[in-house]
Amino acid sequence: MSFPGRALQRAWHLVDANNQTVGRLATTVAPILRGKHKPTYSPNQDIGDYVVIINADKVKFTGKKWQDKLYRWHTGYPGGLKQRRAADMLERKPEEILKKAILGMMRRTNQRHEYIEPRLKIYAGQDHPHKAQLPDGVDCLPSHPRKRSGDYHFGLPGGKYAADGSYQRGVASVVE
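Attention here is on the structure that accompanies the text.

Cut-offs used in this document
Residues numbered from 1 in each chain as written. Predicted model: local features only at pLDDT ≥ 70, side-chain atom pairs only at ≥ 80, totals over all residues. Heavy atoms only, no water. Helix = DSSP H or I, 4+ residues; strand = E, 2+ residues; numbered from the N terminus. Buried < 20%, exposed > 50% of the residue type's maximum accessible area, 1.4 Å probe, protein only. Contact = heavy atoms within 4.5 Å. Areas by Shrake-Rupley, 256 points an atom, 1.4 Å probe, with all protein chains shown as cover. Phe/Tyr/Trp six-rings, centres within 6.5 Å; stacked < 30°, edge-to-face > 60°. Lys NZ or Arg CZ within 6 Å of the ring centre and 35° of its normal. Patch = residues over 30% accessible without salt bridge, like charges linked within 9 Å, V, L, I, M, F, W, Y side chains within 5 Å. Salt bridge = Lys/Arg side-chain N within 4 Å of Asp/Glu carboxyl O. Lys, Arg positive; Asp, Glu negative; His and termini not counted. Charge placed at Lys NZ, Arg CZ, Asp CG, Glu CD.

**What about the overall build of the chain?**
Then, number 1: On a plain count of helices and strands, the chain comes out with 6 helices and 5 strands.
Then, number 2: Helices and strands appear in the chain in the N-to-C order β-α-β-α-β-β-α-α-α-β-α.
Then, number 3: Relative to its full complement of 176 residues, the chain shows a buried share of 38%.
Then, number 4: Put simply, 67% of the contacts in the chain that link residues at least 6 apart link residues at least 24 apart.
Then, number 5: Counting only carbon and sulfur atoms, one obtains 48% of the accessible surface of the chain, whose full area is about 10,500 Å².

Next comes the structure, spelled out in structure tokens:
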């Protein structure tokens, strides 16, 4: 079933990462970026939404991952394998912890690199420059529950894929 691109509606979601576990937060955000929460989802089309994550410097890991988890990368030069502990990564680049966790849950395709990655906006503090795109009085997505129940739908209340009062027309008619 194909779906015309002119009917595509992109919503903006705000996520507060304060005191949330990295992996649980990533499992909430990754499907929203891909558009899996929409009834018109197709794996070969780009229909995901924008996600703004604030307070990325206040995330948490379980267990001893702050000392044991290593982030590795290669510079491209001989002997250029670098690594950094999660605690050091939080001090230097707190946004990268969430970015690597979220994007690591998606396939490495052109769709991810060219379309999905630019829609993920991560900020270390409370302030972000996307207040104009978010609807007035928008609430943050709820925390991921420790045990998933049947009424948890990507963290979106009532199974809707856009917040009430957003700029999108006809959202409720698509869901109902």
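**A closer look at the packing of aromatic side chains**
Then, number 1: One pass over the full model with this rule turns up 2 aromatic pairs.
Then, number 2: When the centroid spacing of 4.8 Å and the interplanar angle of 75 degrees are considered together, the rings of F61 and W66 count as edge-to-face.
Then, number 3: Here K69 stacks its cationic end above the ring of Y71, 5.3 Å away from the centre of that ring.

**Brief notes about unusual backbone geometry**
Then, number 1: Within the chain, N19 stands out as a residue other than glycine whose phi angle is a positive 60 degrees.
Then, number 2: Relative to the assigned elements, N19 resides in the loop between strand 1 (12-16) and helix 1 (22-34).
Then, number 3: The exposure class assigned to N19 is exposed, which follows from its relative accessible area of 53%.

**Details of a positive patch on the surface**
Then, number 1: Judged by side-chain charge, R92, K93, K99 and K100 come together as a positively charged surface patch.
Then, number 2: The residue R92 is located in helix 3 (residues 86-92) in this model.
Then, number 3: Judged by relative accessible area, which is 59%, R92 ranks as exposed.

**Describing the pattern of salt bridges**
Then, number 1: With the rule as written, the count across this model stands at 5 salt bridges.
Then, number 2: Among the salt bridges present, the one from R10 reaches D46, with a minimum N-O distance of 3.0 Å. On the criterion of sequence distance, the pair formed by R10 in the segment before strand 1 and D46 in the loop between helix 1 and strand 2 (50-54) is long-range, its members being 36 residues apart.
Then, number 3: Taking the shortest distance from any N to any O, the salt bridge between R112 and E117 comes out at 3.4 Å.
Then, number 4: In this structure E117 comes out as partly exposed when scored by relative accessible area, which is 22%.

Structural measurements only, silent on function.
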